[in-house]
Amino acid sequence: MGLHVRFREFSERCVNLADEARTEGQKDALLEMARAWRDLAAEEERIEKLIQEADEAFGKDPEGFGARLKHGAEFASRRSH
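Residues numbered from 1 in each chain as written. Predicted model: local features only at pLDDT ≥ 70, side-chain atom pairs only at ≥ 80, totals over all residues. Heavy atoms only, no water.

Once that is clear, we can look at the packing of helix α1 (residues 3-19) against helix α2 (residues 24-57). At a closest axis distance of 8 Å, the pairing of α1 and α2 adopts a crossing angle of 165°. One finds that α1 runs roughly antiparallel with respect to α2. With respect to the hand of their crossing, α1 and α2 are arranged in left-handed fashion. (Axes fitted to C-alpha atoms, helices over the stretch in contact; angles between N-to-C directions. Helix = DSSP H or I, 4+ residues; strand = E, 2+ residues; numbered from the N terminus. Parallel < 35°, antiparallel > 145°, perpendicular 65-115°, else oblique. Left-handed = near helix turned anticlockwise from the far one by under 90°.)

Here is the structure:
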């Protein structure tokens with residue numbers, strides 16, 4: 001399951017909480033959070049699709065683009081500590 005699925009679940013939970021909000025301010029804040037999670041889900045889905053397409057383009061590489069990207073992120077993380 002991709003992260004975009006989890007992010008959509010978070011968005012849905014915020015909407016449900018907004019329905020139970022006691023004040024308009026709480027409701028507005030929860031609906032804004034729901035929109036942010038929904039936007040993040042769409043962006044994550046787009047990124048996952050791009051990585052999948054890159055993996056297909058690197059089809060001859062046993063690691064694929066996704067694995068190379070992960071290794072690069074881990075390397076960068078180690079260098080920043």
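Here we take up α2. Along its 34 residues, α2 runs 49 Å from first to last C-alpha, staying within 8% of the 50 Å computed at 1.5 Å per residue. Among the residues of α2, those classed as buried are Leu-30, Ala-34, Ala-41, Glu-44 and Ala-54. (Expected span 1.5 Å × (residues − 1). Buried < 20%, exposed > 50% of the residue type's maximum accessible area, 1.4 Å probe, protein only.)

For the rest of this paragraph, the subject is the packing of aromatic side chains. Taken as a whole and assessed by the stated rule, the structure comprises three aromatic pairs. Considering the side-chain rings of Phe-7 and Phe-10, the 6.4 Å spacing of their centres and the 40° angle between planes classify their relative orientation as tilted. Within this pair, Phe-7 and its partner Phe-10 are both found in helix α1, separated by three residues, close to a single helical turn. The exposure class assigned to Phe-10 is partly exposed, which follows from its relative accessible area of 29%. On the numbers, 5.3 Å between centres and 40° between planes, the contact of Phe-7 with Trp-37 is tilted. Of this pair, Phe-7 sits in helix α1 while Trp-37 sits in helix α2; the two residues are 30 residues apart in sequence, bridging distant segments of the chain. On the basis of relative accessible area, Phe-7 is assigned to the buried category, the value being 13%. Every member of this aromatic cluster is reached through a ring pair, and the members are Phe-7, Phe-10 and Trp-37. (Phe/Tyr/Trp six-rings, centres within 6.5 Å; stacked < 30°, edge-to-face > 60°.)

Let's shift gears to α1. With 17 residues, α1 should reach 24 Å at 1.5 Å per residue; the first-to-last C-alpha distance of 25 Å fits that figure. For α1, every residue scored as buried is listed here: His-4, Phe-7, Ser-11, Cys-14 and Ala-18. The buried residues of α1 occupy an angular sector of 75° when the element is viewed end-on, so they sit on one face. Residues of α1 that are exposed and point more than 90 degrees away from the buried face comprise Glu-12 and Asp-19. (Arc of directions from axis to C-beta.)

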